[in-house]
Amino acid sequence: MDRKKELKQEYKEIKIEGGIYVITNKQNGKIFVSSTPNFKTLNGTRFTLESGTHTNKELQKEWFEYGKDNFTIEQVEVLKKSENQYMDEKKELQKLLEKWLQKLQPYGEEGYHSC
């Protein structure tokens, strides 16, 4: 029973980091910018692409066309947790996403987003 308590405590202490990530097509340089409250879910994003269920149809099409080895998924900014107790994480992630969309301009020939 003590081992179960130890594992539970370890789980509670795992640091959950979210933020902004970029999927880059190495063949044509196009990028997809998105946010996540937990970077551990990027495996789920990769799974949706591999199973053909990603919501961005152009990215999905090129994922199959070029193959998964021609794409990288990288974290570009970690959401910094606020010192005060309450922080609207969803709102802060949206602000970060807007900042990165403005900075990288992943539209048209440059990326997978529409204006």
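Residues numbered from 1 in each chain as written. Predicted model: local features only at pLDDT ≥ 70, side-chain atom pairs only at ≥ 80, totals over all residues. Heavy atoms only, no water.

Caption draft 1: Structural detail: helix H3 (residues 57-66). The complete set of buried residues in H3 reads Leu59, Gln60, Glu62 and Trp63. Structurally, H3 contributes buried residues whose contacts are with strand S1 (19-25), strand S2 (31-36), helix H2 (42-51) and strand S3 (71-78). Its side-chain oxygen placed 3.3 Å from the backbone nitrogen of Glu58, Asn56 serves as the N-cap of H3. Two residues or fewer past H3, Gly67 is found with a positive phi of approximately 90 degrees. (Buried < 20%, exposed > 50% of the residue type's maximum accessible area, 1.4 Å probe, protein only. Helix = DSSP H or I, 4+ residues; strand = E, 2+ residues; numbered from the N terminus. Contact = heavy atoms within 4.5 Å. Polar contact = N/O pair within 3.5 Å; in protein donor to acceptor, adjacent residues only side chain to side chain.)

Caption draft 2: How the structure looks around the packing of aromatic side chains. In this structure the tally under the stated criterion is one aromatic pair. Geometrically, the ring pair formed by Trp63 and Phe71 is tilted, given 5.0 Å between the ring centres and 35 degrees between the ring planes. Phe71 carries the same exposure label as Trp63, and that label is buried. (Phe/Tyr/Trp six-rings, centres within 6.5 Å; stacked < 30°, edge-to-face > 60°.)

Caption draft 3: Highlighting the side chain of Asn25. You can see Asn25 is positioned in strand S1. The buried category is assigned to Asn25, whose relative accessible area is 0%. Among all residues touching Asn25, those that are not within four sequence positions of it are Lys30, Glu62, Tyr66, Asn70, Phe71 and Tyr112.

Caption draft 4: Inspection of the nonpolar core at higher detail. Grouped together as the largest cluster of nonpolar side chains are eleven residues: Tyr21, Ile23, Phe32, Phe39, Leu42, Leu49, Leu59, Trp63, Phe71, Ile73 and Tyr112. Elements with a contribution of two residues or more to this core: S1, H2, H3 and S3. For Tyr112, the contacting residues outside a window of four places in its chain are Asn25, Asn28, Lys30, Ile31, Phe32, Asn56, Glu58, Leu59, Glu62, Phe71 and Pro106. Ile31, Leu97, Trp100 and Leu101 belong to the second largest nonpolar core, which has ten residues in total. (Core = buried A, V, L, I, M, F, W, Y, C linked by side-chain atoms within 4.5 Å.)

Caption draft 5: Expanded view of the sheet that holds S1. Strand order across the open sheet formed by three strands is S2-S1-S3, with antiparallel pairing between neighbours. With one partner strand each, in any of the chains shown, S2 and S3 form the two edges of the open sheet. Averaged over all adjacent pairs, the angle separating strand axes in this sheet is 25 degrees, with direction ignored. Two strands pair when backbone bridges link them, and S1 and S3 are joined in this way by seven bridges, in the antiparallel orientation. Bridging across to S3, Ile20 finds its partner in Glu77. Sheet strands in contact with H2 are S1 and S3, and its direction is about 35 degrees off that of S1. With respect to the sheet, H3 is in contact with S1, S2 and S3, its orientation differing from that of S3 by roughly 135 degrees. (Pairing = 2+ DSSP bridges. Axes fitted to C-alpha atoms, helices over the stretch in contact; angles between N-to-C directions.)

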